[in-house]
Amino acid sequence: MVIQIDGIPAEVVRKRMKTLRLTVLPPDGRVRISAPMLLPKSVILAFAESKAEWIRKQQEKMREREACRPAEMRFVSGEKLEVWGKTYILRVSEGTRWGLSLERETAMLTTRPGCTQEQREAHVNEWYRGMLKTEAARRLPVWEERTGLRCDSWQVKNMKTRWGTCNPNTRKVWLSLQLARKPLECLDYVILHELTHLKVRNHGKEFQAFLDRYMPDWRERRKQLK
Ligand SMILES: [Zn+2]
């Protein structure tokens, strides 16, 4: 059964339960009401209407979240490719060997004939990984020297939800290969941030004071990563 709550459609599902439950489901904000088997429809309607305002707010939040998510790349010509904070237009062509090169405003991706979107993405990620490794190998020692904090090892990993991590016990630093899309000053910030965790595990006052000392504009750099 579908009811209308102030113009919002809601699906009602009858269940063996004692109380009414209303949920707004991601990602599109669909409304579902779970109701006890014999509860009169009028009671359900009254309950739902009392929640109309709340439903609208939830749906709005979900729409905003969707809008913030970067559109999924298909790695085809005309798409934008970010490299160190600069935007290039992707041009994809077929060839005998894989390749990716930057020329002025264009990123030229050469693929093998008949390759899939996943293969193109994997190739671009490997390219990002190489770029990031080269830069990190240059910059990490500089920050170690400046701060006196040294990690035992570091590695680049395709992390999508974090820019870096640090394990203070093993003194190992991980950097997300997605950092190759962001300006280099962001990479410096993440390197300093993770090295600082070798000294301070949380993000409290001592941690921030340490960042302030070595990188007074770290807050602005962090903003660019959001
Ligand atoms: Zn941290």
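Please refer to the structure higher up on the page.
We now turn to the structure provided with this report. Every value quoted in this text rests on a predicted model; they were computed, and no experiment measured them. (Residues numbered from 1 in each chain as written. Predicted model: local features only at pLDDT ≥ 70, side-chain atom pairs only at ≥ 80, totals over all residues.)

## Some words on the sheet that holds strand S8 (residues 106-111)
Read across the open sheet, the four strands follow the order S5-S6-S8-S7; overall the sheet is mixed. At either margin of the open sheet sits one strand with a lone partner, and together these are strand S5 (80-83) and strand S7 (99-103). Each strand axis lies, on average, 35° off the axis of its neighbour in the sheet, ignoring direction. Note that S7 and S8 share five bridges and pair antiparallel. Bridged to glutamate 103 within S8 is threonine 106. (Pairing = 2+ DSSP bridges. Helix = DSSP H or I, 4+ residues; strand = E, 2+ residues; numbered from the N terminus. Axes fitted to C-alpha atoms, helices over the stretch in contact; angles between N-to-C directions.)

## Concerning the sheet that holds strand S1 (residues 2-5)
The sheet built from four strands is open, its strands ordered S1-S2-S4-S3 with mixed pairing. Two strands bound the open sheet, and with one partner strand each, they are S1 and strand S3 (21-25). When strand polarity is set aside, the average angle formed by the axes of neighbouring strands in this sheet is 30°. Looking at chain direction, S3 and strand S4 (residues 30-36) are connected through five bridges and run antiparallel. Residue pairing across strands places arginine 21 opposite serine 34, the latter belonging to S4. Strands S1, strand S2 (8-15), S3 and S4 of the sheet are contacted by helix H1 (residues 41-50), whose axis makes an angle of about 40° with S1. (Contact = placed C-beta atoms within 7 Å.)

Geometric descriptors of this kind do not, in isolation, establish any biological role.
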